[in-house]
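# Residue-level structure breakdown
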Amino acid sequence: MRKSMTNRYKTFWAVTIPVLVLFFTFNTLPMLKGIVYSFTNYRGYGSYDYVGFRNYIDLFTDARVGKSYLFTFKYALVGTVLVNVLSLIMALGLNSRIRFKSALRGIYFVPNILGGLVIGYIFSFIFTYILPAVGNTLHIGFLQNSVLASEKYAWVGVLIVGVWQAVAMNTIIYISGLQTVPSDVYEASMLDGAGKWKEFWSVTFPLVMPFVTINLVLSTKNFLMVFDQIMSLTKGGPAQSTESISYLIYRNGMDGGQFGFQSANAVVFFVVIVAISIFQMTVMNKKEEQL
């Protein structure tokens, strides 16, 4: 038995150590170096000097950074609400007794399999060429021009693509939650004369609240970190109206000679995401206790 345990520990460490080394090399170490660069005037190449907290101070006076934060928060808020509402509705439908349920579950999950850039380029073609052609043919005014060319509504096009792709994974989580609800609970509610709407709010929703918490935290984090859709659809335009924080960090950090400054931006953004996630978890956990 001692020999068996020894072999088990050897196997455990043989698997764990390479994973830890890879994680530290490609995740933790770059993050630590980014924090160090955030205190410098590093341009991404050449020498650099330490500037203390100047980059962090300049972040709060940079209008472009402020605009990108406002867009990102607006996009994440609307996207999170839409994704969770649509995902819950789809999960309720796919979890009910309908024909071809397994096939439909496979079909709706396709958007999540495709890469964000691939989907973005496909929708870019649709928004730029197909929809305007349909609008001109049918004389539909709001379709005659690409929504991506509008400074006011370009974010809606990005939102449509982001929500369309994100719904699939959230639906899977909600379906998992719905399948944990005991059937006898529904039978009891039927005996009490509860209708479908009351059954949902009084039985289903409270019991799947932990899964709502998971989806809210994950979807908010993913929408805050939006990059692929921006890269493939608008590249931050028109007039920087759809420039997310992640895209700004990448664009100005890599191409704009602001590596140190955008490293500070990345550190602040990381803290913001962690703070929002903790706040959501705290609030939702209190809701779960109340229910």
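Attention in this report is confined to the structure presented alongside it. (Residues numbered from 1 in each chain as written. Predicted model: local features only at pLDDT ≥ 70, side-chain atom pairs only at ≥ 80, totals over all residues. Heavy atoms only, no water.)

### A look at the packing of helix α3 (residues 63-95) against helix α13 (residues 259-290)
- At their nearest, the axes of α3 and α13 sit 13 Å apart, and the two run at 30° to each other. Considering their axes alone, α3 and α13 lie roughly parallel with respect to each other. Considering how the two elements wind past one another, α3 and α13 form a crossing that is right-handed. Along its contact with α3, which presents Val65, Tyr69 and Phe73, the element α13 presents Phe261, Asn265, Val268, Phe269, Val272 and Ile276.
- Partitioning the contact of α3 with α13 into residue classes produces eight nonpolar, one polar and no charged. (Axes fitted to C-alpha atoms, helices over the stretch in contact; angles between N-to-C directions. Helix = DSSP H or I, 4+ residues; strand = E, 2+ residues; numbered from the N terminus. Parallel < 35°, antiparallel > 145°, perpendicular 65-115°, else oblique. Left-handed = near helix turned anticlockwise from the far one by under 90°. Contact = heavy atoms within 4.5 Å. Nonpolar A, V, L, I, M, F, W, Y, C, P; charged D, E, K, R; others polar.)

### Focus on the environment of Phe71
- Mapped onto the fold, Phe71 is located in helix α3.
- With relative accessibility at 5%, the residue Phe71 sits in the buried group.
- Residues Phe71 and Trp155 lie 84 residues apart in sequence; the distance between their C-alpha atoms is 8.4 Å.
- Setting aside chain neighbours within four positions, we find Phe71 in contact with Trp155, Ile230, Ser241, Thr242, Glu243 and Ser244. (Buried < 20%, exposed > 50% of the residue type's maximum accessible area, 1.4 Å probe, protein only.)

### Notes on the packing of helix α6 (residues 116-138) against helix α7 (residues 154-178)
- Taken N-terminus to C-terminus, the directions of α6 and α7 make an angle of 135°; their axes are 10 Å apart at the nearest point. Between α6 and α7, the interaxial angle falls into the category oblique. Crossing hand, α6 versus α7: right-handed. Across from Gly116, Ile119, Phe123 and Phe127 in α6, the residues of α7 making contact are Gly157, Ile160, Val161, Trp164 and Gln165.

### What to know about α7
- With 25 residues, α7 should reach 36 Å at 1.5 Å per residue; the first-to-last C-alpha distance of 36 Å fits that figure.
- Largest kink in α7: about 35°, centred on Val167.
- With 18 of its 25 residues buried, α7 lies for the most part within the structure. (Expected span 1.5 Å × (residues − 1). Bend = angle between axes of the 7 residues up to and from the residue.)

### A look at the nonpolar core
- Ranked by size, the top nonpolar core spans 31 residues in total, and within it Tyr75, Leu233 and Phe269 carry the most contacts.
- Counting residues per element, the ones that place at least two in this core are α2 (54-59), α3, α6, α7, α10 (209-224), α11 (228-233), α12 (245-255) and α13.
- The residues contacting Tyr75, other than those within four sequence positions of it, are Val158, Leu159, Gly162, Phe223 and Val226.
- By size, the runner-up hydrophobic cluster in this structure holds 16 residues, among which are Leu88, Ile173, Tyr174 and Phe211. (Core = buried A, V, L, I, M, F, W, Y, C linked by side-chain atoms within 4.5 Å.)

### Notes on the pattern of salt bridges
- If you walk through the whole model with that rule in mind, you get two salt bridges.
- With its nearest N and O atoms 2.6 Å apart, the salt bridge here joins Arg64 to Glu243. Here the residue Arg64 occupies a position in helix α3, and Glu243 occupies one in the loop between α11 and α12, the gap between them amounting to 179 residues.
- Glu243 sits in the buried class, given a relative accessible area of 4%.
- In this structure, the salt-bridge partner of Arg251 is Asp255, at a minimum N-O distance of 4.0 Å. Placement of the pair is Arg251 and Asp255 together in helix α12, with a separation of four residues, close to one helical turn. (Salt bridge = Lys/Arg side-chain N within 4 Å of Asp/Glu carboxyl O.)

Don't take any of this as a statement about function, it's just geometry.
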